[in-house]
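Given next are the chains, with one letter for each unit.
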Amino acid sequence: MDTDQPLQDQALDHVRELLSTHWREAKDSADEDGKFAIGLRISVLNGAPAKLKVKCSISKTITDEIESQVDDPEQMKLL
(Lines give C-alpha, C1' and ligand atoms only; values in the text may rest on other atoms or scores of the structure.)
Protein backbone atom coordinates (compact mmCIF):
# COMPACT_ATOMS: atom_id res chain seq x y z
CA MET A 1 0.00 0.00 0.00
CA ASP A 2 1.32 3.44 -0.95
CA THR A 3 1.31 5.45 2.28
CA ASP A 4 2.87 8.49 0.57
CA GLN A 5 -0.22 9.34 -1.50
CA PRO A 6 -2.43 10.43 1.43
CA LEU A 7 0.43 12.60 2.71
CA GLN A 8 0.92 14.20 -0.72
CA ASP A 9 -2.83 14.76 -1.07
CA GLN A 10 -3.01 16.47 2.31
CA ALA A 11 0.04 18.64 1.48
CA LEU A 12 -1.65 19.74 -1.77
CA ASP A 13 -4.85 20.53 0.14
CA HIS A 14 -2.86 22.73 2.53
CA VAL A 15 -1.10 24.46 -0.39
CA ARG A 16 -4.45 25.19 -2.05
CA GLU A 17 -5.90 26.54 1.20
CA LEU A 18 -2.91 28.84 1.83
CA LEU A 19 -2.93 30.11 -1.77
CA SER A 20 -6.66 30.76 -1.58
CA THR A 21 -6.29 32.56 1.76
CA HIS A 22 -3.31 34.74 0.82
CA TRP A 23 -3.60 35.24 -2.95
CA ARG A 24 -5.06 38.77 -2.70
CA GLU A 25 -2.38 39.87 -0.21
CA ALA A 26 0.30 38.52 -2.52
CA LYS A 27 -1.24 40.23 -5.53
CA ASP A 28 -1.49 43.50 -3.60
CA SER A 29 2.23 43.30 -2.80
CA ALA A 30 3.18 43.36 -6.50
CA ASP A 31 5.92 45.73 -7.58
CA GLU A 32 5.55 48.38 -10.29
CA ASP A 33 5.94 45.68 -12.96
CA GLY A 34 3.14 43.60 -11.40
CA LYS A 35 5.57 40.98 -10.11
CA PHE A 36 5.07 39.22 -6.79
CA ALA A 37 6.28 35.96 -5.28
CA ILE A 38 4.70 33.31 -3.15
CA GLY A 39 7.03 30.81 -1.52
CA LEU A 40 5.75 27.50 -0.25
CA ARG A 41 7.67 25.13 1.97
CA ILE A 42 6.45 21.66 2.83
CA SER A 43 8.06 19.95 5.82
CA VAL A 44 7.39 16.29 6.51
CA LEU A 45 8.34 14.32 9.60
CA ASN A 46 7.86 10.63 8.89
CA GLY A 47 6.58 8.70 11.83
CA ALA A 48 3.42 7.22 13.21
CA PRO A 49 1.56 9.43 12.62
CA ALA A 50 3.44 11.45 10.02
CA LYS A 51 3.50 15.20 10.64
CA LEU A 52 3.10 17.75 7.92
CA LYS A 53 3.69 21.51 7.93
CA VAL A 54 3.09 23.79 4.94
CA LYS A 55 4.39 27.35 5.17
CA CYS A 56 3.53 30.20 2.83
CA SER A 57 5.55 33.40 2.51
CA ILE A 58 4.79 36.41 0.38
CA SER A 59 7.55 38.66 -0.81
CA LYS A 60 7.90 41.81 -2.80
CA THR A 61 11.19 42.43 -4.49
CA ILE A 62 12.49 45.93 -4.04
CA THR A 63 15.37 47.06 -6.22
CA ASP A 64 17.08 50.41 -5.80
CA GLU A 65 20.09 51.87 -7.54
CA ILE A 66 22.31 54.94 -7.41
CA GLU A 67 24.89 55.59 -10.08
CA SER A 68 27.56 58.28 -9.99
CA GLN A 69 30.96 59.18 -11.30
CA VAL A 70 33.87 59.82 -8.96
CA ASP A 71 36.64 61.92 -10.43
CA ASP A 72 40.23 60.88 -9.84
CA PRO A 73 41.67 63.43 -7.39
CA GLU A 74 45.09 62.96 -9.03
CA GLN A 75 43.83 64.21 -12.40
CA MET A 76 43.81 67.90 -13.21
CA LYS A 77 40.40 69.32 -13.96
CA LEU A 78 39.90 70.56 -17.47
CA LEU A 79 38.51 74.06 -17.82
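Up top you'll find the structure we're talking about.
Trainee: What is the right way to look at the packing of aromatic side chains in this model?
Mentor: Working definition: an aromatic ring pair is given by the centre-to-centre distance plus the angle between the planes. Using the criterion set out here, one finds one aromatic pair in the structure. The interplanar angle of 80° and the centroid separation of 5.5 Å between the aromatic rings of Trp23 and Phe36 together place this pair among those described as edge-to-face. Taken as a pair, Trp23 in helix 1 (residues 4-28) and Phe36 in the loop between helix 1 and strand 1 (37-45) lie far apart in primary sequence, 13 residues in all.

Trainee: Would you mind going over the pattern of salt bridges with me for this structure?
Mentor: Side chains that differ in sign of charge can pair as their charged atoms come close. Inspection of the entire model under this criterion finds one salt bridge. The partner of Asp13 in a salt bridge is Arg16, and the shortest N-O contact between them spans 3.6 Å. Of the two residues, Asp13 and Arg16 are both situated in helix 1; the distance of three residues between them amounts to about one turn of the helix. A relative accessible area of 53% places Arg16 in the exposed class.

Trainee: Help me understand the environment of Ile38, please; the structure alone is not making it clear to me.
Mentor: One can find Ile38 in strand 1. Along the primary structure Ile38 and Trp23 are separated by 15 residues, whereas in three dimensions their C-alpha atoms are 8.5 Å apart. Excluding residues that lie within four positions of it along the chain, Ile38 makes contacts with Leu19, Trp23, Ala26, Cys56 and Ser57.

Trainee: How should the side chain of Asp31 be read in this particular structure?
Mentor: Structurally, Asp31 is set in the loop between helix 1 and strand 1. One buried charged residue, Asp31, forms no salt bridge at all, with the nearest opposite charge on Lys35 at 6.1 Å. Here the side chain of Asp31 touches Asp33 through a polar contact of 2.9 Å, landing on its backbone nitrogen. Separated by 2.9 Å, the side chain of Asp31 and the backbone nitrogen of Lys35 make a polar contact.

Each value, and the rule that gives it
- Residues numbered from 1 in each chain as written.
- Predicted model: local features only at pLDDT ≥ 70, side-chain atom pairs only at ≥ 80, totals over all residues.
- Heavy atoms only, no water.
- Phe/Tyr/Trp six-rings, centres within 6.5 Å; stacked < 30°, edge-to-face > 60°.
- Helix = DSSP H or I, 4+ residues; strand = E, 2+ residues; numbered from the N terminus.
- Salt bridge = Lys/Arg side-chain N within 4 Å of Asp/Glu carboxyl O.
- Buried < 20%, exposed > 50% of the residue type's maximum accessible area, 1.4 Å probe, protein only.
- Contact = heavy atoms within 4.5 Å.
- Lys, Arg positive; Asp, Glu negative; His and termini not counted.
- Polar contact = N/O pair within 3.5 Å; in protein donor to acceptor, adjacent residues only side chain to side chain.

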